[in-house]
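Residue-level structural notes
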Amino acid sequence: MIQVENLTKYYGLTRALEDVSFSVGAGEVVGFLGPNAAGKTTTLKIITCFMPPTRGKVLVDGNDASMAPLKVRSLIGYLPENVPLYREMTVSAFLRFAAEVKGLDRAARAKELDRVMEICRLTERKNSIIARLSKGFRQRVGIAQALIGDPRILILDEPTIGLDPAQTVEIRKLILSLGEDHTILLSSHILPEVKKVCDRVVIINKGRIVATDTADNLAARMKGAPKVIVKVGKDGPSASRLISEVPGVESVSQLDDEGTMEVEVSRGADARAEMARRLVEGGFDLKELRSQEVTLEDVFMHLVTEEDETS
Amino acid sequence: MKGLWAIYKRECYSLFASPIFYVVCASFLVLAGYFFWSTVGYFHVVSFQVGRNPAYISQLNATEMVVRPFFVDLSIVLLLVCPFLTMRLMAEERRAGTVELLFTYPVGDKAIVLGKYLAALTLCCLMLLGTAPAMGLLFALTRLELMVVLSGYFGLMLLGGALLSLGIFTSALTENQIIAAVLAFGGGLMLWIIGWSEQLAGGTFGKVLGYLAITGHFENLAKGVLDSRDVAYYLILPLFFIFLTLRYMESRKWRG
């Protein structure tokens, strides 16, 4: 649906993007992940034809963004970063403008307005002036204007930034439900969000793509064996000796003097049950035993810092 | 030009929603009222003095002595207030970030600029319409030449159109409304006074300066002389500034 090929963008002499390529398939929800100033917004602005790239090209549903910008824009619903809105307008007046500017005829407009206000739960606030709405409501107005005209592609730039936890959950739910019948590209630097919402993740750092895959595959690709954290009541060193004899355990390292240790297990072996049995039989007070999963945070930090070291 | 009407309506909505228009309109009408009162007052004094001498009475002419100076006064007030009508047009979009919405909707740059320009022009015409009651009063009390009045209003509209196009250009240059207004006012004043150097420069250059000056063209229209050269001037000027605005917006996109 969206194909980004070798994008390079310079702001004056500053390079914001270098050779960025990725694609988003029809119906996919893709998370565009990166630290601040990594080039996420720049990429999204280029895809939505807000500005042209220095080099490279963007195809949206087969249309070249630089050759047919109006066609591409009509296929995309875009929520810009920080949700800029015409604050002096009422919700319904603004959405009506969005509908009209997107080329909906008069008859379709009223119906479409009702539809998006229903989805974004704005109906009872439709006569409020946007400037007087709370941040969460404004975010919904932003999403509502993107949804108008039912574009197949939605591009959302940091859709949950600045919201309180309850609002964040709500917007995420909304995005999840939209993901069922839309192609969505959303940028974020909040990792759990991406993991919850997206089928696939594109990680960008310093203007370059560093990884593209599903969150689980990325985690699996991480180097190093799976780890288990074990905590016993007392006498950590002798407990660690006991554990190191369990088949499948590669190494044990003490994390503190209290008896907490990190156990590296060879891939494919699940030694947790055996460890627990031996510790209990050996008379240790087993307080905690959990496997430490590789999170998207780990992958992200790993990729981003690795990138820093090589460059 | 798809979307022009939508942009136009939205811009009118915002102009009416902001207090700027009402303040500008009020200042314009107060100044217009003052000028009307003083020109009519002057005409009144002169009529009394001349009234004793029947030979001169036939030469008293309200169109010449009230309408014409009144329109020239209005043109000066227009120079003063037009920058405030246009300063927010592009600058505010940039400051508030709504450019990102506007330029990612499926509308072309031309529709955006023209829609905004026409919205400002509509408001300017509404403002001019506010002086119509004064003219109505004159019509009721004396004999006026209707065509001169109409030509004067037509001239004010053209003049407003030219000043507003300059204003939309300066508004595109910056995200600061005050800078946009000051630049538009400075530019407008320059166009106003550039004709003063006609004699000094002399020759062809002097003639060019004379033609560039906004005042000479307006004075003809205020007299009721509808010359195609003057009308052409007031049509070319907006086209030129709208062209500049479009080119500037394009270059800005490339620079990022």
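About the thresholds
- Residues numbered from 1 in each chain as written.
- Chains lettered and ligands numbered in written order.
- Predicted model: local features only at pLDDT ≥ 70, side-chain atom pairs only at ≥ 80, totals over all residues.
- Heavy atoms only, no water.
- Helix = DSSP H or I, 4+ residues; strand = E, 2+ residues; numbered from the N terminus.
- Buried < 20%, exposed > 50% of the residue type's maximum accessible area, 1.4 Å probe, protein only.
- Areas by Shrake-Rupley, 256 points an atom, 1.4 Å probe, with all protein chains shown as cover.
- Lys, Arg positive; Asp, Glu negative; His and termini not counted.
- Charge placed at Lys NZ, Arg CZ, Asp CG, Glu CD.
- Axes fitted to C-alpha atoms, helices over the stretch in contact; angles between N-to-C directions.
- Parallel < 35°, antiparallel > 145°, perpendicular 65-115°, else oblique.
- Contact = heavy atoms within 4.5 Å.
- Pairing = 2+ DSSP bridges.
- Buried area = accessible area lost by both parts, 1.4 Å probe.
- Salt bridge = Lys/Arg side-chain N within 4 Å of Asp/Glu carboxyl O.
- Polar contact = N/O pair within 3.5 Å; in protein donor to acceptor, adjacent residues only side chain to side chain.
- Nonpolar A, V, L, I, M, F, W, Y, C, P; charged D, E, K, R; others polar.
- Expected span 1.5 Å × (residues − 1).
- Arc of directions from axis to C-beta.
- 1 Å grid on protein atoms, 1.4 Å probe; cavity = no way out; pocket = protein on both sides within 12 Å on 5 of 7 lines; lining within 4 Å.
- Points joined across faces, edges and corners; volume = space filled by probe spheres on them.

Some thoughts on the overall build of chain B
When its secondary structure is counted, chain B shows 14 helices and 0 strands. Scanning chain B from its N terminus toward the C terminus, one meets helices and strands in the order α-α-α-α-α-α-α-α-α-α-α-α-α-α. Across its three principal directions, the C-alpha atoms of chain B cover 75 × 45 × 30 Å. Considering chain B as a whole, with its 256 residues, one finds that 51% of them fall into the buried category. Within the structure as shown, chain B displays about 12,200 Å² of accessible surface, and the carbon and sulfur contribution to it stands at 71%. Of note, chain B has its 18 positive side-chain charges centred 4 Å away from the centre of its 14 negative side-chain charges.

A look at the packing of helix 1 (residues 4-17) of chain B against helix 5 (residues 88-96) of chain B
Residues and elements named next belong to chain B. Direction vectors running N to C along helix 1 and helix 5 enclose 90 degrees, while the axes themselves pass 12 Å from each other. Between helix 1 and helix 5, the crossing angle belongs to the class labelled roughly perpendicular. In this structure, helix 1 uses Arg-10, Glu-11, Ser-14 and Leu-15 to contact helix 5, whose residues at the interface are Arg-88, Leu-89 and Glu-93.

Let's talk about the sheet that holds strand 4 (residues 55-60) of chain A
Adjacent strands of a sheet pair through backbone hydrogen bonds, lying either parallel or antiparallel. Residue and element names in this part refer to chain A. If you walk across this open sheet you meet the 4 strands as 2-1-4-5, and the pairing is antiparallel. Looking at which strands have only one partner, the edges of the open sheet turn out to be strand 2 (14-24) and strand 5 (63-64). Bridging between strand 1 (residues 2-11) and strand 2 involves 7 bridges; their strand directions are antiparallel. Across the sheet, residue Leu-7 finds its bridge partner in strand 2, namely Val-20. Packing against the sheet, helix 1 (residues 40-47) makes contact with strand 1, strand 2 and strand 4, and its axis sits at approximately 115 degrees to strand 1.

Considering the interface of chain A and chain B
Across the boundary between the two partners, chain A contributes 30 residues, which contact 29 residues of chain B. Three residues, A:Phe50, A:Arg73 and A:Tyr86, lead the burial of chain A against chain B; their summed loss comes to 25% of the area buried on that side. There are 4 salt bridges connecting chain A and chain B. For B:Glu100, the salt bridge identified is with A:Lys45, shortest N-O distance 3.9 Å. In this structure, the connection of chain A to chain B is made through 9 residue pairs in polar contact (both at pLDDT 80 or more). Those elements that place two or more of their residues in the side of chain A that touches chain B are strand 1, helix 2 (69-75) and helix 3 (91-101) of chain A. Broken down by element, the residue count for the side of chain A that touches chain B peaks at 6 residues, all from helix 3 of chain A. When grouped by side-chain class, the residues that make up the side of chain A that touches chain B number 18 nonpolar, 5 polar and 7 charged.

Details of helix 6 (residues 165-178) of chain A
Residues and elements named next belong to chain A. Relative to the 20 Å expected for 14 residues at 1.5 Å per residue, helix 6 spans 20 Å between its end C-alpha atoms, a close match to the ideal helical length. Considered for burial, the residues of helix 6 that qualify are Thr-168, Ile-171, Arg-172, Leu-174, Ile-175 and Leu-178. Down the axis of helix 6, the sector holding all buried residues measures 160 degrees, keeping them to one side. Residues of helix 6 that are exposed and angled more than 90 degrees away from the buried face: Pro-165, Ala-166 and Lys-173. For helix 6, the capping residue at the N-terminal end is Asp-164, with a side-chain oxygen 3.1 Å from the backbone nitrogen of Ala-166.

Let's talk about empty space enclosed by the protein
Using the criterion set out here, one finds 1 cavity of 30 Å³ or more in the structure. Here the largest cavity is characterised by a volume of approximately 50 Å³. What lines the largest cavity is A:Ile76, A:Gly77, A:Tyr78, A:Lys102, A:Gln145, B:Leu101, B:Thr104 and B:Tyr105. With 3 residues, the single largest contributor to the lining of the largest cavity is strand 6 (residues 76-79) of chain A. Here the lining of the largest cavity is composed, by residue class, of 4 nonpolar, 3 polar and 1 charged.

Overview of the pairing of strand 11 (residues 227-232) of chain A
Pairing of strand 11 of chain A with strand 13 (residues 260-265) of chain A, which is carried by 5 bridges, proceeds in the antiparallel orientation. Bridge assignment links A:Ile229 to a residue of strand 13 of chain A, and that residue is A:Glu262.

Looking at the sheet that holds strand 7 (residues 153-157) of chain A
All names here are of chain A. The strand order across the open sheet formed by 6 strands is 6-7-8-3-9-10, and the pairing between neighbours is mixed. Either end of the sheet is taken by a strand with one partner, and the two such strands are strand 6 and strand 10 (208-213). Going across the sheet, the axis of each strand differs from the next one's by a mean of 15 degrees, ignoring polarity. For strand 3 (residues 29-33) and strand 8 (residues 183-188), the ladder comprises 5 bridges, and the chain directions are parallel. Across the sheet, Val-30 pairs through a bridge with Leu-185, a residue of strand 8.

Side note on the layout of surface pockets
The computed volume of the second largest pocket comes to approximately 400 Å³. If you trace the second largest pocket, you find 21 residues lining it, with A:Cys49, A:Pro52, A:Ala65, A:Ser66 and A:Pro69 closest to the centre. Going through the elements one at a time, strand 4 and helix 2 of chain A together with helix 14 (228-255) of chain B are the ones with two or more residues in the lining of the second largest pocket. Of the residues assigned to the lining of the second largest pocket, the class counts are 12 nonpolar, 3 polar and 6 charged.

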